[in-house]
Amino acid sequence: MPLVAMTREMGSLGKDVAAGIAARMSRRVVYQEIIEPIANKMRLRKSHVERFLEGKAGLWERLTTDRTSLSIYTADETFRLLRDGSTGVIRGWGAVHLLKAIPHIVRVRVCAPLEMRVRRMMERLGTDNRAAVEHEIGMSEEAHGAITRRHFGVNWRDAEHYDLVLNTERLTVEECIDEVECVMRKKRFQETPESIRIVENMAVEWAVRSALRRDPRTNGMGIAVAADGGRVKLSGVVDAFREADVAAEVAAATEGVREVDNELAPADPLALRRRRLA
């Protein structure tokens with residue numbers, strides 16, 4: 001079954017579209033569920049991570065948030081939820097861009113003109129403080145833009161990143177759901193053995209990256225990870241062979257890894273030569 005990755009603008013009714021799609025699939029929408037496990041891995045409060053991702057973090061929260069770890073753990077949790085069998089829609093968290101290589105993911109953006117979104121949010125919140133609502137929308141979009149630029153090098157507003165862009169000024173929520181369902185029925189978005197293999201490989205790659213980041217012995221290493229059918233290749237430069245052996249040990253203990261191809265090399269070329277001659 002195809003899955004949906006969705007980006008929505010605050011006040012666009014994207015939340016309602018996501019809920020409607022998931023209901024028709026008899027599956028769930030993933031959004032808040034991803035925050036707590038990320039916070040646990042980073043040893044931060046859930047509210048800390050949530051405020052940072054929503055662009056509401058104060059100076060101390062921004063200074064104490066490891067952006068690289070946040071990116072790795074978010075990807076790892078996204079794939080864990082993607083594979084659990086109950087997920088139908090993943091809303092936000094850069095999923096549209098993270099999952100772009102997977103053929104059975106339908107990438108959707110739900111939008112509306114700013115003026116309409118401001119009016120909707122004022123009505124929803126029961127306020128006539130237009131400036132406060134505009135500020136809230138602006139912070140949300142600034143945070144989203146910063147995250148997608150930093151982690152994916154893209155402008156999240158560009159239509160080329162989506163299979164379907166829906167404007168709720170012109171379409172009702174039900175019509176948006178119908179359009180997504182129509183796309184999901186197309187042959188090119190159906191699961192295949194190859195598309196499932198891509199998911200499994202990417203899930204293992206991010207699980208290994210996450211394990212390496214969490215382990216204090218390896219969290220500072222710059223290691224490239226590639227997975228294929230349970231076989232993981234580690235490549236890059238480390239300070240010593242001992243570090244390469246530790247990284248391989250951490251990778252081998254990760255769920256889904258059957259074999260580790262350790263191509264890590266020490267920064268000292270003489271050490272590499274000595275080892276080969278030994």
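Residues numbered from 1 in each chain as written. Predicted model: local features only at pLDDT ≥ 70, side-chain atom pairs only at ≥ 80, totals over all residues. Heavy atoms only, no water.

Enquirer: Break down the packing of helix 5 (residues 67-82) against helix 10 (residues 193-214) for me, with residues and values.
Expert: Put simply, helix 5 and helix 10 touch, their axes get as near as 9 Å, and they point 140° apart. Judged by the angle between their axes, helix 5 and helix 10 are oblique. Helix 5 and helix 10 meet at a crossing whose hand is left-handed. On helix 10, the residues that touch Thr-68, Ser-69, Ile-72, Tyr-73, Ala-75, Asp-76, Phe-79 and Leu-82 of helix 5 are Val-199, Met-202, Ala-203, Trp-206, Ala-207, Arg-209, Ser-210, Arg-213 and Arg-214. Looking at the contact of helix 5 with helix 10 residue by residue, the class counts come to 10 nonpolar, 3 polar and 4 charged. (Axes fitted to C-alpha atoms, helices over the stretch in contact; angles between N-to-C directions. Helix = DSSP H or I, 4+ residues; strand = E, 2+ residues; numbered from the N terminus. Parallel < 35°, antiparallel > 145°, perpendicular 65-115°, else oblique. Left-handed = near helix turned anticlockwise from the far one by under 90°. Contact = heavy atoms within 4.5 Å. Nonpolar A, V, L, I, M, F, W, Y, C, P; charged D, E, K, R; others polar.)

Enquirer: Talk me through helix 7 (residues 114-125); I want residue IDs and the actual numbers.
Expert: Along an α-helix, residues three or four apart share an orientation, since each turn contains 3.6 residues. Compared with the 16 Å implied by 1.5 Å per residue over 12 residues, the 16 Å span of helix 7 between its first and last C-alpha is a close match. Burial in helix 7 covers these residues: Met-116, Arg-117, Val-118, Arg-120, Met-121 and Met-122. For helix 7, the elements touching its buried residues are helix 8 (130-152). Gly-126 occupies a position one or two residues after helix 7 and carries a positive phi of about 65°. (Expected span 1.5 Å × (residues − 1). Buried < 20%, exposed > 50% of the residue type's maximum accessible area, 1.4 Å probe, protein only.)

Enquirer: Give a description of the side chain of Ser-69 that names residues and reports values.
Expert: Along the chain, Ser-69 falls in helix 5. Looking at Ser-69, its side chain comes within polar contact range of the side chain of Arg-213, at 2.9 Å. The contacts of Ser-69, once residues within four sequence positions are left out, are Met-42 and Arg-213. (Polar contact = N/O pair within 3.5 Å; in protein donor to acceptor, adjacent residues only side chain to side chain.)

Enquirer: Would you mind going over the sheet that holds strand 7 (residues 231-238) in detail, with residue names and values included?
Expert: What the 3 strands build is an open sheet, ordered 6-7-8; its pairing is mixed. Of all the strands in the sheet, the pair left with one neighbour each is strand 6 (223-228) and strand 8 (259-266). Shown here is a sheet whose adjacent strand axes are inclined to one another by a mean of 10°, direction ignored. Where strand 7 meets strand 8, 8 bridges bridge the pair, whose relative direction is parallel. Directly across from Val-238, in strand 8, lies its bridge partner Pro-266. Its contacts with the sheet put helix 11 (residues 241-252) on strand 6, strand 7 and strand 8, and the angle it makes with strand 8 is roughly 155°. (Pairing = 2+ DSSP bridges.)

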